[in-house]
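The lines below spell out each chain.
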Amino acid sequence: MSQETVKRDPPWLMRTYSGHSSARASNALYRTNLSRGQTGLSVAFDLPTQTGYDSDHPLARGEVGKVGVPINHIGDMEALFDQIPLAQMNTSMTINATAPWLLALYIAVAERQGVDLAQLQGTTQNDVLKEYLSRGTYIFPPAPSVRLTTDLIAYTVQHIPRWNPTNICSYHLQEAGATPTQELAYALCTAMAILDAVQACGQIPQERFQDVVGRISFFVNAGIRFVEETCKLRAFGRLWDTLVQQRYAVQNPKQRLFRYGVQVNSLGLTESQPENNVQRIVLEMLAVTLSKNARARAIQLPAWNEALGLPRPWDQQWALRMQQVLALETDLLEYGDLLDGSPVIEAKVQELIAGAEEEMARVATHGGMVACIESGYVKRELVQSHTRRLRNIESGALQIVGVNCYQDTAESPLTAGGESGILKVDAQAEREQIALLQAFRANRQQDGVDAALAQLHDAAASGSNIMPSSIVCARAGVTTGEWSEVLRQVFGEYRAPTGVDVYPSGLGDSAALLAVRERVRRTGEELGRPLRLLIGKPGLDGHSNGAEQIAVKGRDAGFEIVYEGIRLTPARIARAAQEEGVHLIGLSVLSGSHLELVEDICQELETIGASGIPLVIGGIIPEEDARRLQERGVKAVFTPKDVDMNAIMDSMVTIIRQANGL
Amino acid sequence: MHPPETFAITALATAIGRGERAALAEALNLLDDRRPAARGQAAELLRLLQHAQDNTRSQLIGITGPPGAGKSTLCAALITVWRQRGQRVGVLAVDPSSPLSGGAVLGDRLRMQTSADDDGVFVRSLATRGQFGGLSAEVWPMSLVMLAGFDVVLIETVGVGQREVDVSRLCDTTCYVAQPGSGDSVQFLKAGILEVPHILVVNKADMGAVAHRTLAELDAALHREHPDGHWQVPVLATSATHHSGIEALADVMEQHYAELQSQGQLAPRRRSYQAYWIHKRLQEEFGSFGIEQLGGEQALLAQLETQDLNLLDHYEVLRQGLYTRCLGSSASESP
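Residues numbered from 1 in each chain as written. Chains lettered and ligands numbered in written order. Predicted model: local features only at pLDDT ≥ 70, side-chain atom pairs only at ≥ 80, totals over all residues. Heavy atoms only, no water.

(A) Just unusual backbone geometry, in detail. All names here are of chain A. Even without glycine at this site, Asn-126 takes up a positive phi of about 45°. On the accessibility criterion, Asn-126 (1% relative accessible area) is buried. Unusually for a residue other than glycine, Arg-567 sits at a positive phi of about 60°. With respect to the secondary-structure elements, Arg-567 resides in the loop between β12 (560–563) and α21 (570–580). Overall, Arg-567 belongs to the buried group, its relative accessible area being 14%. (Buried < 20%, exposed > 50% of the residue type's maximum accessible area, 1.4 Å probe, protein only. Helix = DSSP H or I, 4+ residues; strand = E, 2+ residues; numbered from the N terminus.)

(B) Structural context of the pattern of salt bridges. All names here are of chain A. Applying the stated rule across the entire model yields 65 salt bridges over all chains. Across the pair Arg-532 and Glu-580 runs a salt bridge whose closest N-O atoms are separated by 3.0 Å. Of this pair, Arg-532 sits in strand β11 (residues 532–536) while Glu-580 sits in helix α21, placing them 48 residues apart in sequence. Residue classification places Glu-580 among the buried positions, given a relative accessible area of 0%. (Salt bridge = Lys/Arg side-chain N within 4 Å of Asp/Glu carboxyl O.)

(C) Examining the side chain of Asp-337 of chain A more closely. All names here are of chain A. Relative to the helices and strands, Asp-337 resides in the loop between α11 (313–329) and α12 (343–365). The exposure class assigned to Asp-337 is buried, which follows from its relative accessible area of 17%. Within polar-contact distance, the side chain of Asp-337 engages the side chain of Arg-234 at 3.0 Å. The residues contacting Asp-337, other than those within four sequence positions of it, are Arg-234, Ser-291, Lys-292, Asn-293 and Ala-294. (Polar contact = N/O pair within 3.5 Å; in protein donor to acceptor, adjacent residues only side chain to side chain. Contact = heavy atoms within 4.5 Å.)

(D) Up close: the interface of chain B and chain A. Each partner contributes to the interface: chain B provides 35 residues, whereas chain A provides 39 residues. Interface area, chain B with chain A, both sides summed: about 3000 Å², of which 50% is carbon and sulfur. For the pair chain B and chain A, the number of links is seven salt bridges. Here Glu-564 of chain A ties to Arg-109 of chain B by a salt bridge, and the two come within 3.3 Å at their closest N and O atoms. Counting the contacts that link chain B with chain A gives 18 residue pairs in polar contact (both at pLDDT 80 or more). With seven residues, the single largest contributor to the side of chain B that touches chain A is strand β4 (residues 121–127) of chain B. The residue inventory of the side of chain B that touches chain A, partitioned by class, reads 14 nonpolar, 10 polar and 11 charged. In the sheet, β12 of chain A pairs with strand β3 (residues 104–106) of chain B via three bridges, with the strands oriented parallel. Bridge assignment links Glu-560 of chain A to a residue of β3 of chain B, and that residue is Ala-104 of chain B. (Buried area = accessible area lost by both parts, 1.4 Å probe. Nonpolar A, V, L, I, M, F, W, Y, C, P; charged D, E, K, R; others polar. Pairing = 2+ DSSP bridges.)

(E) How the structure looks around the sheet that holds β3 of chain B. Pairing is parallel in the open sheet, where six strands are placed in the order β15(A)-β14(A)-β13(A)-β11(A)-β12(A)-β3(B). Both outer strands of the open sheet, β15 (636–638) of chain A together with β3 of chain B, are each paired with one neighbouring strand and no more. When strand polarity is set aside, the average angle formed by the axes of neighbouring strands in this sheet is 20°. Across the sheet, α21 of chain A is in contact with β11, β12 and β13 (584–589) of chain A; its angle to β11 of chain A comes to roughly 165°. (Axes fitted to C-alpha atoms, helices over the stretch in contact; angles between N-to-C directions.)

(F) Layout of the sheet that holds strand β2 (residues 89–95) of chain B. Residues and elements named next belong to chain B. Strand order in this open sheet of seven strands is β4-β2-β5-β1-β6-β7-β8, and the pairing throughout is parallel. A strand with exactly one partner marks an edge of an open sheet, and here the two such strands are β4 and β8 (235–237). Adjacent strand axes in the sheet meet at a mean angle of 20° when their direction is disregarded. As defined by bridge partners, strand β1 (residues 59–64) adjoins strand β5 (residues 152–156) across five bridges and the pair is classed as parallel.

(G) Inspection of helix α9 (residues 226–248) of chain A at higher detail. Helix length check: α9 of chain A, at 23 residues, gives a terminal C-alpha distance of 32 Å against a target of 33 Å (1.5 Å per residue), a fit within 8%. Two residues or fewer after α9 of chain A comes Ala-249 of chain A, characterised by a positive phi angle close to 50°. (Expected span 1.5 Å × (residues − 1).)

(H) Representation of the nonpolar core within the structure. Residue and element names in this part refer to chain A. Among the nonpolar cores identified, the biggest contains 114 residues, and Tyr-186, Phe-218, Trp-240, Tyr-260, Met-369, Phe-559 and Met-652 are the most heavily contacted of them. The greatest single-element share of this core, amounting to 13 residues, is contributed by helix α7 (residues 180–201). Setting aside anything within four residues of it in sequence, one finds Tyr-260 in contact with Phe-218, Val-220, Leu-233, Val-288, Ala-294, Arg-295, Ala-296, Arg-297 and Ala-298. (Core = buried A, V, L, I, M, F, W, Y, C linked by side-chain atoms within 4.5 Å.)

See the structure below:
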C-alpha cells in the first residue's frame, strides 16, 4: 500500500477561537498558533467590544480583555494583525451587533496594508437574531439589527466577493437547549428572515440575488450524540438545498451548498474529571467530518478545561493537534461518503427533516422568526427543552460520566499540586488598555472624528447602507463606543424576552423537588411571607442559560423570582433587591469578571442600606476566586460541577434560614 | 429580617414621608408579613400614614387588560412621561403565581426598565398568591403606603380577563388596555362581564389596520358615559414601542382625576375601596359563612363605607371577632 498514490481530500480550515488581554498579546498568540499549523484565525472579542462600549466605559469594568481581545479603534485592529498579511489570511470574527464596525476596521487595516478588498477572505458572524435567544450581545431592537445585518451583506457581496458576510448560528441555539430538530428549524428560519430582508431592502439587483444566497454560511454545534449529529448535518444540507431552490429560485447547485463551520459542543464539557472532555471533543469532531457530503469547511475545538476557566496556550495547542491527527494521520480523507446508502442513517435524516419542517411551519404561522423572537415564543421553547435536559441529568436518565455516574476518581496530575490548569488574565491588562485608549483619543484629529460621526448618523437615520460611513469612521479614528453610541441614539436599545415564563408542567416533579418545595413553603411561613429570590446577571455577559434555568427551577420550588434579564449594572441589581424585598440574591457570571462585579454589588448594597441580604453566585469560578468571594461575604459559590439544582435550591433555603436566625 | 420593633414604626412612617427608599421597602415587607406581631405593626403604620389615604394630590391608577396587550411596556412609557413632568411614581406590578408550586416569575420589572439612579421611581412586584382577581391581596395596603411618598401610584394587574373587576374597586382611575385584533374585549365589555373602565386604550397602534378596526369597534360599542356619572369614557390609541399617544393618555388620566376631585368623589371612593378590600379579604379567609356572621355583604359594606377607620385595625377586629365566634380560638393561630 503506497500512500503516495492515494488521493486525499484537502483538510478543512483549522482554527482556535482565541484572543485575550490586548491586541498586542493576542497578535503574539495568533502568530504562535499559525506557526504551529493553524490555517485560519478565529478572533474572540471581549464583551465591551461586542456590546459597543469603549474599554473605559463604566459597564466595561472588569470585562476588558477577559473573554476576548479589546478593540477600540483602528490602532488596536492594526496591532492585532501586525505582521499577518491579510491578503493571505482567512479570518473569522465572532462579532454580531457591532459587526459592521469591526468589518469597517478590518477593511481600514487592509487598506493600510495595501490589500485589495477583493482579496479579503473571512467571515463575520453577523447573526444578531440568535443573540436575542442565546449569548445576549445584542444592542438594538430587532428591526434595526436586521437592517445592519443586511447592510453588511449587501456591501460585501458587492465589494468583498469572497467574504462570508453572515454565519447563521445554530451553535448557540444548542447551547441554549435546542434539540436537533429545533436547531435545524430555527437556524433555517433565521436564514430565511435575513434573506427576505436582503431581498426587501432593494440594495441588490434581482439578477445578483443568488450570489447573496451563495455567500450565506452557517455555524453549527456538534454534541456528544454523534450519530444523530451527523444525521442532523445531512438533514441541514438537504433542507437548505430545497429551501433556496424553492423560495429563492437559486439554479446553480454550487450556490445551494450548505457551507458550515463548527465549534463542537461546550455545553456538555464537564468540570468534574475534565480530562474526559478530550474524548468528548474528539467524538463530536467525528460528527462533522465523517460524512464527506456533509463535512465542515472549518473547525474549531474547545479546550479540555473550558469549564474550569480560560484555556492556556498549551490547552489550545492540544485542541489543534486533535484536528491534525484526524486530518493527517487517519485515512478519513481518502474515501468518499461513508454513510451514503445506509438505511439507518437515511431514516434518521428523514425523521429530523420532518420534525424541522413541522416547526418551521409553526414559526411561519406565528409571523416568521423575528415575530417569534419578539413574542418570546422561540425563547420559551428553548428554555423548556433545556429544562427537560437538566431534569434528565438530575434523574440519571441522561448519563454523564464523572458527573452523575462514576464520580469516583483518582487525583488528576493535570490539575494537581496547586496547578490551577487555567490561564489568568493579567489584571494590569485593563489599566494598560485604558491608558492606550486615552492616549489614542488625545492624539487624533477631532474635526475628522466629528465629521465622520455626523456622516454615520445621517446614514443610520436615512437608511442608506451603513458600511461606507463606518469605514470613514474607522479611518478617522472613531472608537467602538462612539460608533455604537450614534446608533444607540438613532435606533434605541432593546431588552429581549427571557423565556422563563414557561408554563410549569408539574409532571415528573421528583421527590427531591417536592421536599425542597415544602421547605421553601415552611420557611416562608416562619418568616411571615413567601420566599423571594432575585436572580441577577451583572456585567456584559449575555450567557443567560444558567440564570434562566435557576429562575424556572426556583419558581417550581415555590420561590417568587425576580429576574430582569442580562446586562444589569451592580447599582440596578442592588436597587431591585431592595425594592423587591427579596430574601436572597443569586448572581450568575460566566465572563470571569466575578471578583470585580461582586465587589461592586456588595458596595452598592452597603450604600443603600441593604447589605443584610445574603448573596450567592454561580458561574465558571476557579477555586481560588471562590475562596476570595466567600471572604467578601458571598454565602455560596456554585460551579458547573453543581448539577443537582434541587440541592442548589435547598442550600439557598438554608442560607436564608441562617440569615434570618432560624 | 425580623419585623421592626414597635418604637421603630414611628420612625419608619416619618422616613417614608421623607421619601426614603429603604424605609418604603421595609414597610412593604412589613405589610407582606402575616405573622401576628407584624400585623399589629402594619396596622400601626397605616394609622400613622392615615393622611396618605386622604392625600388628594396623589393619584391611584390601575392598568388592566388581557395578557400580551403590552401593559408593562405601556406602563414604562407612562413612567417616562410622568418623570419628565417631574412626578414621582410608585409601581405595584402583579404577576400570576403557579398554582402547582406556589412560586412565581415576576417579569414585569424587566419591561419597565427604569434607571438605577432615578430616585423618583420605585417598583415592587407581587405574585397573585391565590384568587384575588388578578391582584394580590397585599396590593391595597401597599398602595396606601406608596401614596404617602409618590405623586402617582400605578397598579398593573395580571390581565386574566374576566376577573379584572377588582382593580376598578381599588383605583381612582382604571385604564383598560385592549389587544388589537381580538374581539374578546369588546364582547366582554358589551356583555357587562368586564366592568367599564374610565379609559380605554388600544395599544400597539403601530399594527395599523388591525388596531384601527379594534379602535373603531370599541368606540362604537363604548363611547359613552361611565356608570359613575359625569365622565365620558374616552377611547385612545397608543403605541408604547413608538412612544406615540402616551402624552395624551397621561393628560386624560389627569383630567379624570381632576374631575373626581371637582365632584368631591375622591374621598368617598377611597372609603369604598377600603370597605371592598376588607370585605374581600374576610370573604377569602372565612367564606360566605363568615360574611353572613357579620350580617351579610350589603350590611357589611354599608357599615364599612360610612365609617372613618383604619383599614388594617378594623380588619383585625372583625377577623378576631369571627375567629372567636366561629372557632372559639384566637386569630394568632391563623394560617
